[in-house]
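One-letter residues, chain by chain:
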2 protein chains.
Amino acid sequence: MRVRLEDVARKAGVSPKTVSRVLNDEANVTDATRERVRAAMEAMDYRPNPSARSLAGHRSFVIAMLYDNNDNPASTYLAEIQDGVLEACDAHRYSMMLRPLRMRDSDFIRRVDALISDHHPDGVVLTPPITDYAPLLKRLRELGVPYASVSPLRRGKALGVTMDEQLAARAMVEHLIGLGHRRIAHVIGIANHGASRWRLAGYREAMAAAGLTEDPALVVQGAFTFASGVEAARKLFSLRKRPTAVFAANDDMATGVMWAAGEYGLKVPQDVSVCGFDDTPLSRQLWPALTTVQQPSREMGKIAAEQLLADLRGQGAGRLVQIPFSLQVRGSTAAAP
Amino acid sequence: MRVRLEDVARKAGVSPKTVSRVLNDEANVTDATRERVRAAMEAMDYRPNPSARSLAGHRSFVIAMLYDNNDNPASTYLAEIQDGVLEACDAHRYSMMLRPLRMRDSDFIRRVDALISDHHPDGVVLTPPITDYAPLLKRLRELGVPYASVSPLRRGKALGVTMDEQLAARAMVEHLIGLGHRRIAHVIGIANHGASRWRLAGYREAMAAAGLTEDPALVVQGAFTFASGVEAARKLFSLRKRPTAVFAANDDMATGVMWAAGEYGLKVPQDVSVCGFDDTPLSRQLWPALTTVQQPSREMGKIAAEQLLADLRGQGAGRLVQIPFSLQVRGSTAAAP
DNA sequence: TAGCAAATTGACAGCGCTGTCATACCTGAC
DNA sequence: GTCAGGTATGACAGCGCTGTCAATTTGCTA
């Protein structure tokens, strides 16, 4: 049979309850006792049984990650966040449960309810774009389930992580302006996604700050996909006065823009500079490699989970953590022709 | 308080044990009783407590998905498999746990041991390339943990799913031959991956069957990445006698080949046909869209998990399920110039 | 129509841990 | 030296289910 808490207690010469206290980092145990118990656990390679802990302690040691899987068939962005959440869970001996949701489905809330009543997660991590879905947040509060968000749109009282995307977008566009570009285009992401808004706002801010007037023909709608990037770029490259630089709201679209440049016989970066946002693995594999904004998704997932776990422990001093971005200047941007 | 099994029992007028039997689909319950209990469960919206079930029943209702996250930072292939596994788990009220591993790390086995002793998964799903890592399989057998594999290399007694990749590759190349191509190149994947071997073998088989002798210069090594596809294609397009068609062992590399074609001023498919393998979302977004082999990763993950779950239930008639492939002929292949 | 095996149902303990509360111990103020 | 007021530890029940085995009912056979 496996070693149980009782066995550890016997070996350490204390009661099971005391071992339990040590296991859960509770107060009122002398350092000497605590040390003795720790040593016994170590020596016996004790592994607490999570089911027993949940049953008796009314906590599951599970946190759920909720995500929307409507548009993106397996996006790498989510996979990276997931990876970070998983790492944090592992470190704290929690387990992670996944719950794909479809925002458009009518049983959205029912699916959340089922998750909660079937698995009793101690908390949930929310990812874009469901970080700001009001009925969900309301329900979670009703059910008393704490949550942390990655890049929530509303930065009020939320617990989680964000990056100053607007500032990052502005920095990106300023980089282009610094290279001498004046006709700078922007490909917008899916309307109403926070990411799209912030990045557009940053673009506008940079243009305005440099005294450049925005040409409406140079701001085109995309949808965060490669194909939408290609389409948007075709519009831009068909203009009589083509842009000399294109800032796409994410890397997938930027890749599409580079693709379309090839179609039009335009060399990147000699004829047109292209830059994106996200620093996906693909962006480094392209040739020339894509200038982009590094958004540390993995790190953000990890931090969101850690914020949540700290909150569960009652050490929830943390609110919305702001994580720094960094510009990755690579081969796809160069001085204006 | 939540409704417990005991409450259902009272309502149905039977003992708790009988409700438990119904819950677990055990034998020796009359249809009438079973029906009565089911109705009571339904009426009360009964949700069994998984912790209590695990604790008393010595099963966790968890299956773990093991994967290698060394090379591929968040590959969509794995994300799709994961999605399928998750779907199967959900349907059977199991939960899925993820365990990223690094095949090169020395504590590989220790990490597996920790997973087992911490969470007691009832079984595990193995994904390429760790489906055939002997020390792992040995350890799982020692620990008595059942497993199912997605695309295992050795098709012996394994439980899981495969696709006849060799046949699919052959069909792909035969499609090219049918279009009149004779100088057909192949870009190989990472050496020793089953996928690389089978696809190469299928390529050779088709060439031989058509009476075409293999030109060693036309078979180049890649590594499943976009960048490696670009590099491989540059070698091919620099040859004095260029290939008229390139079959890359996966879509990422095929995308790289198309990219490189652009660099060399070659039009796809007029000057050169390009095809891949996997049918990743990207392949449809390219322009022209990529001719490829649809490998239903999501479906395969689902089937592997279902095979495993059936095995756990003792209904393990299933062995290695072979799933059909389908050629997706799209714009990137055309008659030889 | 008694008699026996098989099918059905239930009583009860216990899975491994934690919450509650009682008890033992210790400190410093007077 | 005594006692209040804390701190440290332990006894014990019970979380919600299932395994075991005994009790009861049913279906057959002779």
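Draft legend 1. Molecular detail of the sheet that holds strand β4 (residues 147-150) of chain B. Residue and element names in this part refer to chain B. As summarised here, the arrangement of the 6 strands in space is β2-β1-β3-β4-β5-β11, forming an open sheet in which the pairing is parallel. A strand with exactly one partner marks an edge of an open sheet, and here the two such strands are β2 (95-101) and β11 (320-323). Geometrically, the sheet is characterised by an average inter-axis angle of 25° between neighbouring strands, direction not taken into account. As judged from the 4 bridges shared by strand β1 (residues 62-68) and strand β3 (residues 123-126), these two strands associate in the parallel manner. Opposite A64, over in β3, you have V124 as the bridge partner.

Draft legend 2. Representation of the sheet that holds strand β6 (residues 184-188) of chain A within the structure. Residues and elements named next belong to chain A. The strand order across the open sheet built from 4 strands is β7-β6-β8-β9, with neighbouring strands paired in parallel fashion. On the outer flanks of this sheet lie β7 (219-221) and β9 (273-275), each paired with one strand and no other. The sheet shows a mean angle of 15° between the axes of neighbouring strands, taken without regard to direction. Where helix α11 (residues 251-263) meets the sheet, its contacts fall on β6, β8 (245-248) and β9, and the angle it forms with β9 comes to roughly 160°.

Draft legend 3. Quick peek at the protein's contact with DNA strand C. For DNA strand C, the set of nearby residues contains 27 residues, the closest of which are L5, S20, A56 and G57 of chain A together with S15 of chain B. The set of elements that each furnish at least two residues to the surface near DNA strand C consists of α1 (5-12), α2 (16-23) and α4 (50-57) of chain A together with α2 (16-23) and α4 (50-57) of chain B. No other element matches the 5 residues that α4 of chain A contributes to the surface near DNA strand C. Broken down by class, the residue content of the surface near DNA strand C amounts to 13 nonpolar, 9 polar and 5 charged.

Draft legend 4. The arrangement of the protein's contact with DNA strand D in detail. Taken together, 28 residues sit near DNA strand D, with S15 of chain A together with L5, S20, A56 and G57 of chain B positioned nearest. Of all the secondary-structure elements, those providing two or more residues to the surface near DNA strand D are α2 and α4 of chain A together with α1 (5-12), α2 and α4 of chain B. At 5 residues, α4 of chain B tops the list of elements feeding residues into the surface near DNA strand D. Within the surface near DNA strand D, the residues separate by chemical class into 13 nonpolar, 9 polar and 6 charged.

Draft legend 5. View of the nonpolar core. If you look at the biggest cluster of nonpolar residues, it comprises 95 residues, and the most contacted ones within it are V246 and V257 of chain A together with V246 and V257 of chain B. Residues within four places of V246 of chain A in sequence aside, it is in contact with A185, V187, A233, L236, V257, V272 and V274 of chain A. The next biggest cluster of nonpolar side chains, apart from the first, holds 78 residues, and it includes V125 and L309 of chain A together with M65 and Y67 of chain B.

Draft legend 6. Broad picture of the interface of chain A and chain B. Across the contact, 31 residues belong to chain A and 32 residues belong to chain B. Breaking the side of chain A that touches chain B down by element, the ones donating at least two residues are α4, α5 (76-91), β2 (95-101), α6 (108-119), α10 (226-238) and α12 (281-285) of chain A. For the side of chain A that touches chain B, the per-class residue count stands at 17 nonpolar, 9 polar and 5 charged.

Draft legend 7. How the structure looks around the relation of the copies chain A and chain B. Superposing chain A onto chain B takes a rotation of 180° plus a shift of 0.1 Å along the axis, which leaves an RMSD of 0.1 Å. Put plainly, the chains are arranged around a two-fold axis. Within chain A, the C-alpha atom positioned nearest to the axis of rotation is that of S51 of chain A, 2.3 Å from it. Of the residues that chain A buries at the interface, 100% are likewise interface residues in chain B, meaning the two copies contact each other through the same surface.

Draft legend 8. Inspection of the pairing of strand β4 (residues 147-150) of chain A at higher detail. Residue and element names in this part refer to chain A. Judged by which residues are buried, β4 turns out to be covered on both faces: Y147 and S149 on one side and A148 and V150 on the other are all buried. Here 3 bridges tie strand β3 (residues 123-126) to β4, and the two strands are oriented parallel to one another. Within β4, the residue paired with L126 across the bridge is S149. Viewed along the sheet, the connection from β3 through helix α7 (residues 134-143) into β4 turns out right-handed.

Draft legend 9. Summary view of the environment of R234 of chain B. Relative to the assigned elements, R234 of chain B resides in helix α10 (residues 226-238). Through-space distance from the C-alpha of R234 of chain B to that of V321 of chain B is 39 Å; in sequence the pair is 87 residues apart.

Draft legend 10. Fine view of unusual backbone geometry. Residue and element names in this part refer to chain A. The omega torsion across P128 and P129 is 5°, close enough to zero to call that bond cis. Phi is positive for H120, which is not a glycine, with a value near 45°. Inspection of the secondary structure puts H120 in the loop between α6 and β3. The exposure class assigned to H120 is buried, which follows from the 20 C-beta atoms found within 10 Å. Of note in the backbone geometry, F224 takes a positive phi value of approximately 70° without being a glycine.

Draft legend 11. Expanded view of the pairing of β6 of chain A. Residues and elements named next belong to chain A. Within β6, 5 of the 5 residues are buried, which leaves it mostly tucked inside the rest of the structure. Residue alternation in β6 divides its side chains into two sets, I184, H186 and I188 and A185 and V187, and both sets are buried. Looking at chain direction, β6 and β8 are connected through 4 bridges and run parallel. Across the sheet, the residue bridging to A185 is V246, located in β8. On the question of chirality, the crossover connecting β6 to the parallel β7 by way of helix α9 (residues 194-209) is right-handed.

Draft legend 12. Examining the environment of A185 of chain B more closely. Residue and element names in this part refer to chain B. Mapped onto the fold, A185 is located in strand β6 (residues 184-188). In the structure, A185 is positioned 51 residues away from L236 in sequence and 7.8 Å away in space, judged by C-alpha atoms. Those residues in contact with A185, other than ones at most four positions away along the chain, are L218, V219, L236, P243 and V246.

Draft legend 13. Broad picture of the packing of α6 of chain A against α7 of chain A. Residue and element names in this part refer to chain A. Packing of α6 against α7 leaves a shortest axis separation of 10 Å and a crossing angle of 30°. One element, α6, and the other, α7, form an angle in the roughly parallel class. For the crossing formed where α6 meets α7, the hand is right-handed. Across the interface between the two elements, I109, V112 and I116 from α6 touch P135, L136, R139 and L143 from α7.

Draft legend 14. Quick look at the packing of α5 of chain A against helix α13 (residues 297-312) of chain A. Residue and element names in this part refer to chain A. The N-to-C vectors of α5 and α13 enclose an angle of 40°; their axes lie 6 Å apart at closest approach. Relative to α13, the element α5 is oriented oblique. Judged by the sense of rotation from one axis to the other, the crossing of α5 with α13 is right-handed. For the pair α5 and α13, the contacting residues are Y77, E80, I81, Q82, D83, G84, V85, E87, A88 and C89 in the first and S297, R298, E299, M300, G301, K302, A304, A305, E306 and L309 in the second.

Draft legend 15. Structural context of α11 of chain A. Residue and element names in this part refer to chain A. Look at α11: 19 Å from first C-alpha to last across 13 residues, which is about the 18 Å you get at 1.5 Å a residue. When you tally the buried positions in α11, you get 11 out of 13 residues, the bulk of the element. Taken together, the buried positions of α11 are occupied by D251, D252, M253, A254, T255, G256, V257, M258, W259, A260 and A261. Elements that come into contact with the buried residues of α11 comprise β6, α10, β8, β9, α12 and β10 (292-294).

Draft legend 16. Representation of α4 of chain A within the structure. If you check which residues of α4 of chain A are buried, you get P50, S51 and S54 of chain A. Down the axis, α4 of chain A shows its buried residues gathered within 100° of arc, on one side only. Exposed residues lying more than 90 degrees from the buried face of α4 of chain A are A56 and G57 of chain A. Of the surrounding secondary structure, the elements contacted by the buried residues of α4 of chain A are α4 and α6 (108-119) of chain B. With its phi angle positive at about 60°, H58 of chain A sits one or two positions after the end of α4 of chain A.

What counts, and at which threshold
- Residues numbered from 1 in each chain as written.
- Chains lettered and ligands numbered in written order.
- Predicted model: local features only at pLDDT ≥ 70, side-chain atom pairs only at ≥ 80, totals over all residues.
- Pairing = 2+ DSSP bridges.
- Helix = DSSP H or I, 4+ residues; strand = E, 2+ residues; numbered from the N terminus.
- Axes fitted to C-alpha atoms, helices over the stretch in contact; angles between N-to-C directions.
- Contact = placed C-beta atoms within 7 Å.
- Near = placed C-beta within 6 Å.
- Nonpolar A, V, L, I, M, F, W, Y, C, P; charged D, E, K, R; others polar.
- Core = buried A, V, L, I, M, F, W, Y, C linked by C-beta atoms within 7 Å.
- Buried ≥ 20, exposed ≤ 12 C-beta atoms within 10 Å, placed from the backbone.
- Least-squares fit on C-alpha atoms with pLDDT ≥ 70 in both.
- Right-handed = clockwise from strand over helix to strand, strands pointing away.
- Parallel < 35°, antiparallel > 145°, perpendicular 65-115°, else oblique.
- Left-handed = near helix turned anticlockwise from the far one by under 90°.
- Expected span 1.5 Å × (residues − 1).
- Arc of directions from axis to C-beta.

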